[in-house]
Amino acid sequence: MTLTPGAYLKCRRTASGKSHEDVVDVIETDPALSQAERVEWLKMIEADLVAVRWSTIVALRQQFPFDLAVLERLSLIQDGYDLPLPRLCRICASSDTGPLGIAVPAWGWDAPDLCISCASAT
Ligand SMILES: [Zn+2]
């Protein structure tokens, strides 16, 4: 499974149990947008239809955890670079650095594409 950067963000958001509304309600935009407009904006980000500013990535990462190195790798692959795919859980898209995108103890894999957290939940 090759995720696009936007699909990766969407997968990590849903894995963290957050809705579009949960995320956009705490992100400020300039100019100010309505909640419905911000939801549409987030959906476009998740569909790779709009460019994402660095400040947006930082704001999103305060709402749900994801691995910046994975996002970078997926962006490069999308841009045509021939790089190995990052290892991701097929359910929650956690990477080698764990669900928080930072090194955590007792993190690991149950199968090549299934993390221990998702394996124990099934
Ligand atoms: Zn998982």
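Residues numbered from 1 in each chain as written. Predicted model: local features only at pLDDT ≥ 70, side-chain atom pairs only at ≥ 80, totals over all residues. Heavy atoms only, no water.

Details of the overall build of the chain
Then, in step 1: Within the chain, the secondary structure is distributed over 6 helices and 2 strands.
Then, in step 2: Tracing the chain from N to C terminus, the helices and strands come up as α-α-α-α-α-β-β-α.
Then, in step 3: Here the C-alpha atoms of the chain give a radius of gyration of 15 Å, agreeing with the 14 Å that 2.2 N^0.38 yields for 122 residues.
Then, in step 4: Principal axes of the C-alpha set define a box for the chain whose edges measure 45 × 35 × 20 Å.
Then, in step 5: Here the chain holds 122 residues, and 37% of them are scored as buried. (Helix = DSSP H or I, 4+ residues; strand = E, 2+ residues; numbered from the N terminus. Rg over C-alpha atoms; globule rule 2.2 N^0.38 Å. Buried < 20%, exposed > 50% of the residue type's maximum accessible area, 1.4 Å probe, protein only.)

Let's talk about the nonpolar core
Then, in step 1: With 20 residues, the main nonpolar core has Tyr 8, Leu 9, Leu 60 and Phe 66 as its most contacted residues.
Then, in step 2: Of all the secondary structure elements, the ones that give two or more residues to this core are helix H1 (5-15), helix H2 (20-24), helix H3 (35-46), helix H4 (54-61) and helix H5 (68-78).
Then, in step 3: Grouped together as the second largest cluster of nonpolar side chains are 7 residues, Cys 89, Cys 92, Leu 114 and Cys 115 included. (Core = buried A, V, L, I, M, F, W, Y, C linked by side-chain atoms within 4.5 Å.)

Concerning the coordination of the zinc ion
Then, in step 1: The protein atoms that coordinate the zinc ion are Cys 89 (SG), Cys 92 (SG), Cys 115 (SG) and Cys 118 (SG), at distances spanning 2.3 to 2.4 Å.
Then, in step 2: For the zinc ion, the 4 donor atoms are set out with angles of 103 to 115° between them, so the coordination reads as tetrahedral.
Then, in step 3: As a motif over one chain, the donors of the zinc ion read C-x2-C-x22-C-x2-C. Residue Cys 92 is located in the loop between H5 and strand E1 (109-111), and its partner Cys 118 is located in helix H6 (residues 116-121); the two are separated by 26 residues in the primary sequence. Taken as a pair, Cys 92 and Cys 118 share a single burial class, namely buried. (Donors = N, O, S within 2.8 Å, 3.2 Å for Na, K, Ca; no water. Tetrahedral: all angles 85-135°; square planar, octahedral: opposite > 155°, others 65-115°.)

A closer look at the environment of Arg 87
Then, in step 1: Here Arg 87 lies in the loop between H5 and E1.
Then, in step 2: Measuring from C-alpha to C-alpha, the distance between Arg 87 and Val 70 comes to 8.7 Å, with 17 residues separating the pair along the chain.
Then, in step 3: Ignoring anything within four residues of it in the chain, the contact list for Arg 87 reads Ser 94, Ser 95, Asp 96, Trp 109, Ala 111 and Pro 112.
Then, in step 4: A polar side-chain atom of Arg 87 sits 3.5 Å from the main-chain carbonyl oxygen of Ala 111.
Then, in step 5: Only 2.9 Å separates the side chain of Arg 87 from the backbone oxygen of Pro 112, close enough to count as a polar contact. (Contact = heavy atoms within 4.5 Å. Polar contact = N/O pair within 3.5 Å; in protein donor to acceptor, adjacent residues only side chain to side chain.)

Observations concerning the environment of Thr 2
Then, in step 1: Along the chain, the position of Thr 2 falls in the segment before H1.
Then, in step 2: When the C-alpha atoms of Thr 2 and Ile 77 are compared, they prove to be 9.2 Å apart, with 75 residues separating the residues in sequence.

Looking at the layout of surface pockets
Then, in step 1: Taken as a whole, the largest pocket spans an internal volume of roughly 290 Å³.
Then, in step 2: Considering the residues around the largest pocket, the lining is formed by 14 residues, among which Thr 29, Asp 30, Trp 41, Arg 53 and Thr 56 are closest to the centre.
Then, in step 3: Of all the secondary-structure elements, those providing two or more residues to the lining of the largest pocket are H3 and H4.
Then, in step 4: Looking at the lining of the largest pocket element by element, the count peaks at 3 residues for H4.
Then, in step 5: When its residues are assigned to classes, the lining of the largest pocket shows 8 nonpolar, 3 polar and 3 charged.
Then, in step 6: Taken together, 15 residues make up the lining of the second largest pocket; nearest its centre are Pro 5, Val 52, Ile 57, Leu 71 and Ser 75.
Then, in step 7: Within the residue set of the lining of the second largest pocket, elements represented by two or more residues are H1, H4 and H5.
Then, in step 8: Among the elements that line the lining of the second largest pocket, the one with the most residues is H5, at 5 residues.
Then, in step 9: The residue makeup of the lining of the second largest pocket, split by class, is 10 nonpolar, 3 polar and 2 charged. (1 Å grid on protein atoms, 1.4 Å probe; cavity = no way out; pocket = protein on both sides within 12 Å on 5 of 7 lines; lining within 4 Å. Points joined across faces, edges and corners; volume = space filled by probe spheres on them. Nonpolar A, V, L, I, M, F, W, Y, C, P; charged D, E, K, R; others polar.)

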